[in-house]
Amino acid sequence: MEIISYVEKSPKRPSFNLFNGAIGAFNIKKRYKAKSRTVNDVSYSFSYPEERYTFKAGKVRKPFSVRMIFAGIGRGVSLFGAFLKQNIKTIALMSLILALVFAAGIFALNIYFFHLNHTGPVLLNYSESADFEHLDNFMSSFALDDSLKVDSDGKLLDADFSVDSSIIVQAVTYQNYKVKSGDTISGITKKFGLSNISTLIAVNDISNVRQLAAGQKLKIPSMDGIVYTVQKGDSINSIVGKYNVKMEALLDANELSSEELTVGQVLFIPGAALDRKTLQNAMGELFILPISAAFRWSSPYGWRADPFTGVRSFHTGTDMACPQGTPILASQSGRVSAVSSNRVYGNYVIIDHGNGYQTLYAHMYKALVKKGAWVSQGTRIGLVGSTGYSTGPHLHFMVYKNGTRIDPMTILKR
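Because the structure is a prediction, the values reported are computed rather than measured.

(A) The overall build of the protein, seen in detail. A count of helices and strands for the protein gives nine helices and 20 strands. Expressed as a percentage of its 414 residues, the buried residues of the protein come to 34%. Considering only contacts within the protein whose residues lie at least 6 apart along the sequence, 67% involve residues at least 24 apart.

(B) Structural detail: the packing of aromatic side chains. Using the criterion set out here, one finds six aromatic pairs in the structure. Their ring planes at 45° and their centres at 5.5 Å tell us that F287 and Y357 sit as a pair that is tilted. Of this pair, F287 sits in strand β7 (residues 287-288) while Y357 sits in strand β15 (residues 357-367); the two residues are 70 residues apart in sequence, bridging distant segments of the chain. Residues F287 and Y357 agree in their burial class; the two are buried. Judged by centre distance (4.9 Å) and plane angle (85°), the ring pair of F295 and W297 falls under edge-to-face. Overall, W297 belongs to the partly exposed group, its relative accessible area being 36%.

(C) Inspection of the nonpolar core at higher detail. Grouped together as the largest cluster of nonpolar side chains are 56 residues, with contacts concentrated most on I201, I269 and I381. I381 has contacts with I328, L329, A330, V349, I351, Y361, M364, A367, L368, V369 and V375, leaving out every residue within four places of it along the chain. Of all hydrophobic cores here, the second largest spans 10 residues; its members include Y345, I350, L360 and M398.

(D) A look at unusual backbone geometry. Phi is positive for N244, which is not a glycine, with a value near 55°. Relative to the helices and strands, N244 is located in the loop between α7 (236-243) and α8 (247-253). For H363, which is not a glycine, the phi torsion comes out positive at approximately 65°. In this structure, H363 sits in strand β15.

(E) Structural context of the side chain of S333. Considering the arrangement of structural elements, one finds S333 in the loop between β12 (327-329) and β13 (334-342). In this structure the side chain of S333 is engaged in a polar contact, spanning 3.2 Å, whose partner is the side chain of Q332.

(F) Highlighting the pairing of β15. Among the 11 residues that make up β15, eight are buried, leaving the element largely enclosed by the rest of the structure. Note: strand β14 (residues 346-354) against β15, six bridges, orientation antiparallel. Residue pairing in the sheet places D352 in a bridge with Q358 of β15. Of the strand pairs in this sheet, β15 and strand β18 (residues 394-401) are connected by six bridges, and their pairing is antiparallel. Note that in β18 the partner of Y357 across the bridge is K401. Sheet analysis places β15 next to strand β17 (residues 380-384), joined by three bridges and oriented antiparallel. Residue pairing across strands places K366 opposite L383, the latter belonging to β17.

(G) Structural view of a nonpolar patch on the surface. Together, V66, I69, F70, I73 and V77 make up an exposed nonpolar region whose accessible area comes to about 500 Å². Mapping F70 onto the fold places it in helix α3 (residues 66-116).

(H) Looking closely at α7. The complete set of buried residues in α7 reads I236, I239 and V240. With its buried residues spanning 100° around the axis, α7 presents them on a single face. Opposite the buried face of α7, by more than 90 degrees, sit the exposed residues N237, G241 and K242. Elements in contact with the buried residues of α7: β5 (225-229), α8 and β6 (266-270).

(I) Here's a closer look at the side chain of Q358. Within the secondary structure, Q358 is located in strand β15. At 3.3 Å, the side chain of Q358 forms a polar contact with the side chain of D352.

(J) Quick look at helix α9 (residues 276-283). Those residues of α9 not exposed but buried are L279, A282 and M283. Axial view of α9: buried residues confined to an arc of 95°, hence all on one face. Where α9 is buried, its residues touch α6 (198-203) and β15.

(K) Spatial organisation of the environment of E260. Mapping E260 onto the fold places it in the loop between α8 and β6. Measuring from C-alpha to C-alpha, the distance between E260 and S235 comes to 7.4 Å, with 25 residues separating the pair along the chain.

(L) Fine view of the environment of Y174. Along the polypeptide, Y174 turns up in strand β3 (residues 174-178). Between the C-alpha atom of Y174 and that of S222, which follows or precedes it by 48 residues, the distance is 6.0 Å.

Conventions used here
Residues numbered from 1 in each chain as written. Predicted model: local features only at pLDDT ≥ 70, side-chain atom pairs only at ≥ 80, totals over all residues. Heavy atoms only, no water. Helix = DSSP H or I, 4+ residues; strand = E, 2+ residues; numbered from the N terminus. Buried < 20%, exposed > 50% of the residue type's maximum accessible area, 1.4 Å probe, protein only. Contact = heavy atoms within 4.5 Å. Phe/Tyr/Trp six-rings, centres within 6.5 Å; stacked < 30°, edge-to-face > 60°. Core = buried A, V, L, I, M, F, W, Y, C linked by side-chain atoms within 4.5 Å. Polar contact = N/O pair within 3.5 Å; in protein donor to acceptor, adjacent residues only side chain to side chain. Pairing = 2+ DSSP bridges. Patch = residues over 30% accessible without salt bridge, like charges linked within 9 Å, V, L, I, M, F, W, Y side chains within 5 Å. Areas by Shrake-Rupley, 256 points an atom, 1.4 Å probe, with all protein chains shown as cover. Salt bridge = Lys/Arg side-chain N within 4 Å of Asp/Glu carboxyl O. Arc of directions from axis to C-beta.

Encoded structure:
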């Protein structure tokens, strides 16, 4: 360090020659002040040549090591911890403000998109209401097609015959029938002189009458009634009481010579019909929601007060609000009967499902099917839109049964 200090502070660069270098090496009082040392009681001094060497100060470089890395990380963590400790209140306040601003932004965006993608109230004038009535009449006349009508118990409304279970004197017989294209369960029932569709449903264990296919074979009994499999604990009296039939009629229809029954024995119950819940499952419970994506029920079926005028009016279907472009599905298999547009329902599709059922899908952005096409349950038939009288993207879903509008919620399987 003495040498470096001397070189840095020397105002004049030292000179060197051979003579001065030889003599000056042992002269302590020469031009350069040198460090003295004593070795074995002999004192000597030395100096460096004047111009032979030049010394420069440089950076000190330590060798790289893993220890240096961890030491650096430790110093960084310590400094960061000290910074947090000194500014904890300020950091907490700023974090809270940023979180509130972010939450407010998200809330505002949700409100914006909610109103953008959902329906609102519609104010109609007289002419527009007339359009509603016109389309309603069209749907009513369309629904009154060639399908036979049945009541809630499965009886054909135009049938003029019935089974009197008290006068049965012959055993039930069966014949086979191959379903033809265009056949319906009600049409086959009437064709063979029966009066209740639950007879064919029960005898053939049909879970969904809309899935009858051409070529399918059915057993047709000679009289109305249902089949029953004897369970443990059953007796003739209990079965007679359960289905309200005459014991003689039950014995005659099944050619029973005694009242003894065995578990697993199949009986034909003349004049009996399926309960309403079972019949409803076979006739319409398999309808699915026409929207499988997220949606909001924005307006139910039935009477409601107009949001603007307060006038009580009847809503003919149910509204399912969701973003434009959401796929619309066929609620049940059937044939597309109409693909059209008007001022009220905008772009719409009507599907005939047979057996008196039709569905209408309105306010579409775009229809994806053509008239006359056969669609299976769940097939994409269009995209949600806001055409016609609509203040936001949604699906207006209507169901007709035997020419009468019904609440879609009664046949939808959710």
